[in-house]
Amino acid sequence: MLRDHRPYRVKKAYLKLEDFYAEHFLRPQFTSLGKGHTFIRPWNVEVFGTPIEVGDYVNVIASRDRKVRLTVWTDRENPAGIRVGNYCLICPGVRLSSATEIVVGDNVMFAYGAYVTDSDWHDIYNRVAVVGKSAPVHIENNAWIGDSVIVCKGVTIGENSVIGAGSVVTSSIPANTIAAGNPARVIRPLDADRKIKTRAEWYADPA
């Protein structure tokens, strides 16, 4: 890992630039954006459509070659859109694409390149259909969506559950389990005797 050799003043100025960009150019695009957020390279975050709500203390990391995209594209008059809870982590290349509803709980982590969609975006037989079949997606508190995972329409991922890298989730995953594969299947339950430390606890004691 390369060290950051920039002088402290330069680094501090860069962080202020990121905060300025997020507040003045990204915030107006959200229906709501909570407090304490961190956007790394916010000019590589794309927000399209409405409503898109993001909670408090959310970390979003984007890069030039792996932009983060939050998109609502629908043929409905009043879609529920995208709601992201508090203390979530969104890594480079993550895409949330909604035609109906995507609800993300608190403390959820999205690894590099994860994709969540609540729609097929085209019908199998009618290829000009705007949305195709659509069903809400719910990702419950403290779930961890691994590298390059695809979460499909109508899926619920239970609280604390982990989805292994490269998985395609086509049906719901129960809480407190580890699932992987294409299609994703439960591999084993989490150890009920071990406490899970959430991102909210990390923010409670930054030191």
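Heads up: the structure comes first, above all this text.
Residues numbered from 1 in each chain as written. Predicted model: local features only at pLDDT ≥ 70, side-chain atom pairs only at ≥ 80, totals over all residues. Heavy atoms only, no water.

Draft legend 1. Molecular detail of the pairing of strand β7 (residues 81–84). By the bridge criterion, three bridges tie strand β4 (residues 52–54) to β7 in an arrangement that is parallel. Counted as the bridge partner of isoleucine 52 is isoleucine 82 from β7. Direction of pairing for β7 relative to strand β10 (residues 101–104): parallel, over a ladder of four bridges. Across the sheet, arginine 83 pairs through a bridge with valine 103, a residue of β10. (Pairing = 2+ DSSP bridges. Helix = DSSP H or I, 4+ residues; strand = E, 2+ residues; numbered from the N terminus.)

Draft legend 2. Local environment of the packing of aromatic side chains. A complete count under the given rule lists 10 aromatic pairs for this structure. A centroid spacing of 6.0 Å and a plane angle of 85° characterise the contact between tyrosine 14 and tryptophan 43, whose relative ring orientation is edge-to-face. Separated by 29 residues along the polypeptide, tyrosine 14 in helix α1 (residues 8–26) and tryptophan 43 in the loop between β2 (38–40) and β3 (45–48) bring together distant segments of the chain. Centroid distance phenylalanine 48 to tryptophan 73: 5.9 Å. Interplanar angle 25°. Geometry classified as stacked. Of this pair, phenylalanine 48 sits in strand β3 while tryptophan 73 sits in the loop between β6 (68–72) and β7, and the two are 25 residues apart along the sequence. Judged by relative accessible area, phenylalanine 48 falls into the partly exposed class, the value being 45%. We note arginine 95 situated over the ring of tyrosine 115; from NZ or CZ to the ring centre the distance is 4.0 Å. (Phe/Tyr/Trp six-rings, centres within 6.5 Å; stacked < 30°, edge-to-face > 60°. Buried < 20%, exposed > 50% of the residue type's maximum accessible area, 1.4 Å probe, protein only. Lys NZ or Arg CZ within 6 Å of the ring centre and 35° of its normal.)

Draft legend 3. Representation of the sheet that holds strand β16 (residues 156–157) within the structure. Pairing within the open sheet is parallel, and its six strands lie in the order β1-β4-β7-β10-β13-β16. Each end of this open sheet is capped by a strand with a single partner; those strands are β1 (32–33) and β16. In this structure, strand β13 (residues 137–139) lies alongside β16, joined through two bridges in parallel fashion. Residue pairing for β16: histidine 138 is matched across the bridge by threonine 156.

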